[in-house]
Amino acid sequence: TLIVHLSAHGVLNAAGDPCLLFADADPLDDQSWAPLTKVLTAVGKHPTVVSTDARVLVILDSCKQPPDIRCGLLCSGFIDAASEKVRGLPFAEFAGLLPCAEDQCAWTAPEMGGSVFGVMVASGLQGRADTLAGDGNTRVSVQELAKFVSSAVDGYVREYRGRVQNPSLVWC
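For the structure given in this document, a descriptive report is provided here. Starting from 1, residues in each chain are numbered consecutively following that chain's sequence as written. Two thresholds apply to this predicted model, a pLDDT of at least 70 for residue-level local features and 80 or more for giving and counting side-chain atom pairs, whereas whole-chain, interface and lining totals are computed over all residues. Note that the side-chain values use all heavy atoms of the structure and ignore hydrogens as well as water.

Comments concerning the side chain of D154
Phase 1: In this text, helices come from DSSP runs of H or I with a minimum length of four residues, and strands from runs of E with a minimum of two, each type numbered from the N-terminal end. Mapping D154 onto the fold places it in helix α5 (residues 142–161).
Phase 2: Of the polar contacts made by the side chain of D154, one reaches the backbone nitrogen of Q165; its length is 3.0 Å.
Phase 3: Contacts are residue-level and defined by heavy atoms, with any inter-residue pair within 4.5 Å sufficient. Sequence-distant contacts of D154, that is, excluding residues within four places in its chain, are made with V149, V164, Q165 and N166. Counting of polar contacts relies on pairs of N or O atoms within 3.5 Å, with two restrictions inside protein: one atom must be capable of donating a hydrogen and the other of accepting it, and residues adjacent in sequence are counted only when both atoms are side-chain atoms.

Below, the structure written as structure tokens:
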């Protein structure tokens, strides 16, 4: 399995397409944003993936603007649009692990040195997903990782933020 971890802010452009804002993007210029479809297609068509028929897991560690009624933002739309784009890709054995549901915040955790989602993904890949949510065979499957990350992220966020955050696994 080829694992690609993308960490960027997720937004919708003027056309409603999900995009990633990498460090060099101008947040006020959607021409500098990376359309998610383009990024995911580049991963799926990468020569290594094509020549080996590799399974692909894209971990989308995307913070997004949480719903905020005071600002008039009821929903950013990014997570739902990203899920739809992953499902619509023409690849076999391609999945995306998303950090939260549309109506939730993808929480940061400065006390842990990153996002709650990112830290739990790293922990899961280091073997905790297999030992705590898997079959104990010393290999972490995509399903074991998703199960561990979902449980660990939501547990941490409930305990330390008093909220919910439910990561999800989406297949093409």
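Comments concerning the nonpolar core
Phase 1: L6, L20, L40, V58, L60 and F94 are the most contacted members of the largest nonpolar core, which totals 24 residues.
Phase 2: Those elements that place two or more of their residues in this core are β1 (2–12), α1 (36–44), β4 (56–63), α3 (78–87) and β5 (94–98).
Phase 3: The nonpolar core is taken to be a set of buried Ala, Val, Leu, Ile, Met, Phe, Trp, Tyr and Cys residues, with the residues joined through side-chain atoms within 4.5 Å. A simple rule labels every residue: compare its accessible area, found with a 1.4 Å probe on the protein chains alone, to the largest value its type can have, and call it buried under 20%, exposed over 50%, or partly exposed in between. In terms of nonpolar packing, the next biggest core, distinct from the first, is built from 20 residues, A95, V142, A146 and Y156 among them.

Here's the deal with the pattern of salt bridges
Phase 1: Put simply, a salt bridge is a Lys or Arg side-chain nitrogen that is within 4 Å of an Asp or Glu carboxyl oxygen. Within this structure, the stated rule accounts for four salt bridges.
Phase 2: Across the pair R55 and E93 runs a salt bridge whose closest N-O atoms are separated by 3.1 Å. Placement of the pair is R55 in the loop between α2 (47–52) and β4 and E93 in the loop between α3 and β5, with a sequence separation of 38 residues.

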